[in-house]
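A structural walkthrough
Single-letter residue listing:
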Amino acid sequence: MFSLDFCDRLSAEVDAFCASGLARRKPNTMNKHGVILDELGMEPMLAELRRRLQPLASRVFAKWCADGLDSHRVFTVSYATAADDQQSLDVHFDNAEVTINAALSEDTSYSGGEIFFCKLIDGLTDPQQTTCYPPISHRRGWTILHRGRQLHGALPITSGRRLNMIMWMRSSKVRNQLCPMCGSKPKIIPVASGYGDGFTIPSASSSSSSSSSSSSSSSSSSENLAVVQQDRGDDVVDICNVL
């Protein structure tokens, strides 16, 4: 999916940023040394990438993104063998409807670190109580597309360093109904910038219009509400991921 030149350029950009000593946020609680790519000014490029992936994702995972993947969170994961490096990744599921995992490092620059997948989960199943499939050796420039609820992890790296780009793609229409992390109706609060956790808040005028409309026009109001949500781009985060 990605050219080798793109992999080299992105890796160099991430390494330069890490070497700069500039402050950065951790992408998530499982990631030690990753970089959130939106913070490097890459949001327009990543939004275009999400748009181009939409047709494929909708065909493969229609139930979860046919109505649109309208936000994302993109970050890198770095694996290495030093004691303070991230050496592996335990079984987990993503805060996303659909995920892509792209390998950026030269295939011969590391060994180990294979990716493995387990079953899909529909509830808050204990990730440790499941059987996983044989591991997969990733290849530079290749991308794995999978459901966010597909349990997965990474085996320990045994030599060298491996850098991957992870893109969490989210559908506000799906997650506004049920938080994918806690399995409950989301309680959401606005955030100052960015996409937050991919939830949206309908405008008060649209909600009022929708509730007062007749059943014959409710379908049209619902469609308008979806457009309002997307155009407003409300950035909100689920409280269950803040507390």
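Above this text you will find the structure in question.
Residue numbers here run from 1 along each chain, matching the order of that chain's written sequence. Local features in this predicted model are restricted to residues whose pLDDT is 70 or higher, and side-chain atom pairs enter the listing and the counts only when it is 80 or higher, whereas totals over whole chains, interfaces and linings include all residues. Side-chain measures were taken over the full set of non-hydrogen atoms in the model, leaving aside hydrogen atoms and water.

1. A look at the sheet that holds strand β5 (residues 115-120)
- Sheet architecture is open: three strands sit in the order β2-β7-β5, paired in antiparallel fashion. Each edge of the open sheet is held by one strand with a lone partner, namely β2 (89-92) and β5. Across the sheet, the mean angle from the axis of one strand to that of its neighbour is 15°, orientation sign disregarded.
- Note on pairing: two strands pair once DSSP finds at least 2 bridges between them. By the criteria applied, helices consist of DSSP H or I runs no shorter than four residues and strands consist of E runs no shorter than two, each listed in order from the N terminus. Note: β5 against strand β7 (residues 150-154), four bridges, orientation antiparallel. What sits directly across from Phe117, in β7, is His152. Think of each axis as a best-fit line through the C-alpha atoms, taken over the contacting stretch in the case of a helix, with angles from 0 to 180 degrees between the N-to-C directions.

2. So, the nonpolar core
- Residue types Ala, Val, Leu, Ile, Met, Phe, Trp, Tyr and Cys, when buried and joined through side-chain atoms within 4.5 Å, form a set referred to as a nonpolar core. Each residue gets one of three labels from its accessible area relative to the maximum for its type: buried under 20%, exposed over 50%, partly exposed in between, using a 1.4 Å probe on protein chains only. In terms of nonpolar packing, the biggest core is built from 25 residues, with Leu10, Leu37, Leu49, Ile100, Met165, Met167 and Met169 touching the most fellow members.
- For this core, the secondary structure elements donating two or more residues are α1 (4-20), α2 (43-60), β3 (98-103) and β8 (157-170).
- Throughout, a contact is declared for two residues whenever any of their heavy atoms are within 4.5 Å. Sequence-distant contacts of Met165, defined by excluding residues within four places in its chain, comprise Phe2, Leu10, Leu37, Leu49, Val74, Phe75, Thr76, Ile100, Asn101, Ala102 and Leu104.
- Counting residues in each nonpolar core, the second largest holds ten residues, with Leu89, Ile157, Ile166 and Trp168 among its members.

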